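Descriptive analysis of the structure
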Amino acid sequence: IEATRSLVSDLVKQPVDVVVIGLHGKLGEDGTVQGLLECLGIPYTGSGVAASAIGMNKILTKQLASSIQIKTPPYLLFREGIDQVDEFCRKLRYPTVIKAQAEGSSRGTQIVKEPGEVSAAIQEAVRYDAVVLAENFIEGPQITVSLVGGETLPLIEIVPKSGFFDYHAKYTKGATEYILPARVSKKTAAIASD
């Protein structure tokens, strides 16, 4: 079933045993479709409403992680129509990552190295969300950890050829190398898997 404007009627008029969600970004990953399916009493794969909503919202995710002593980079918020870009620039450390508060696939995300790049990065991010997050850039290998049924799968190292895992690097064949197992120490792998 395609997720179009007729999704509700499409789900209601045909028998559905379970929905395997294959959606990305807002509505598909933020708990909206999950909530719809729960209202219709249809089981689905993946995270529930609350986990999806929190996971899509970078600020809530950072606050939750901090509450259980998981370290995340320091951050500042820019609110469109409230905050001034010049004042915001003075508070940042460079390089910094500018990103939309609640968007996926790295849309509206840029790494800025100097104050002169911030305004354009914010303009891009607010296309996706009126609240923008700026957090200190952390250099190092990028790894991903998957959990299936409570079991941790082997770590995968993500190496984009452009140096940044942006939308293009994520969805263009050959733009990123995925290394399994990740080239990290046993200690780092154990910490990431815990």
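What comes next concerns the included structure.

Reading the values: rules and limits
- Residues numbered from 1 in each chain as written.
- Predicted model: local features only at pLDDT ≥ 70, side-chain atom pairs only at ≥ 80, totals over all residues.
- Heavy atoms only, no water.
- Pairing = 2+ DSSP bridges.
- Helix = DSSP H or I, 4+ residues; strand = E, 2+ residues; numbered from the N terminus.
- Axes fitted to C-alpha atoms, helices over the stretch in contact; angles between N-to-C directions.
- Buried < 20%, exposed > 50% of the residue type's maximum accessible area, 1.4 Å probe, protein only.
- Contact = heavy atoms within 4.5 Å.
- Phe/Tyr/Trp six-rings, centres within 6.5 Å; stacked < 30°, edge-to-face > 60°.

1. Notes on the sheet that holds strand 2 (residues 96–100)
Taking strand neighbours across the sheet as the criterion, the four strands line up as 1-4-2-3 in an open arrangement whose pairing is antiparallel. Only two strands of the sheet have a single partner each, and these edge strands are strand 1 (75–79) and strand 3 (110–112). Along the sheet, successive strands turn relative to each other by an average axial angle of 25°, direction set aside. In the sheet, strand 1 pairs with strand 4 (residues 131–136) via five bridges, with the strands oriented antiparallel. The partner of Leu77 across the bridge, within strand 4, is Leu133.

2. Some points on the environment of Leu153
Tracing the backbone through its elements, the reader meets Leu153 in the loop between strand 7 (151–152) and strand 8 (156–160). For Leu153, a relative accessible area of 33% corresponds to the partly exposed category. As a C-alpha pair, Leu153 and Pro181 span 28 residues in sequence and 9.9 Å in three-dimensional space. Those residues in contact with Leu153, other than ones at most four positions away along the chain, are Ser146 and Val148.

3. Here's the deal with the packing of aromatic side chains
Here the structure, examined in full by the defined rule, presents three aromatic pairs. Taking 4.8 Å as the distance between ring centres and 50° as the angle between the ring planes, the aromatic pair formed by Tyr167 and Tyr171 counts as tilted. On the criterion of helical spacing, the pair formed by Tyr167 and Tyr171 is a turn pair, its members being four residues apart in helix 7 (residues 167–171). For Tyr167, a relative accessible area of 38% puts it in the partly exposed group. According to the relative accessible area criterion, Tyr171 is partly exposed, its value standing at 41%.

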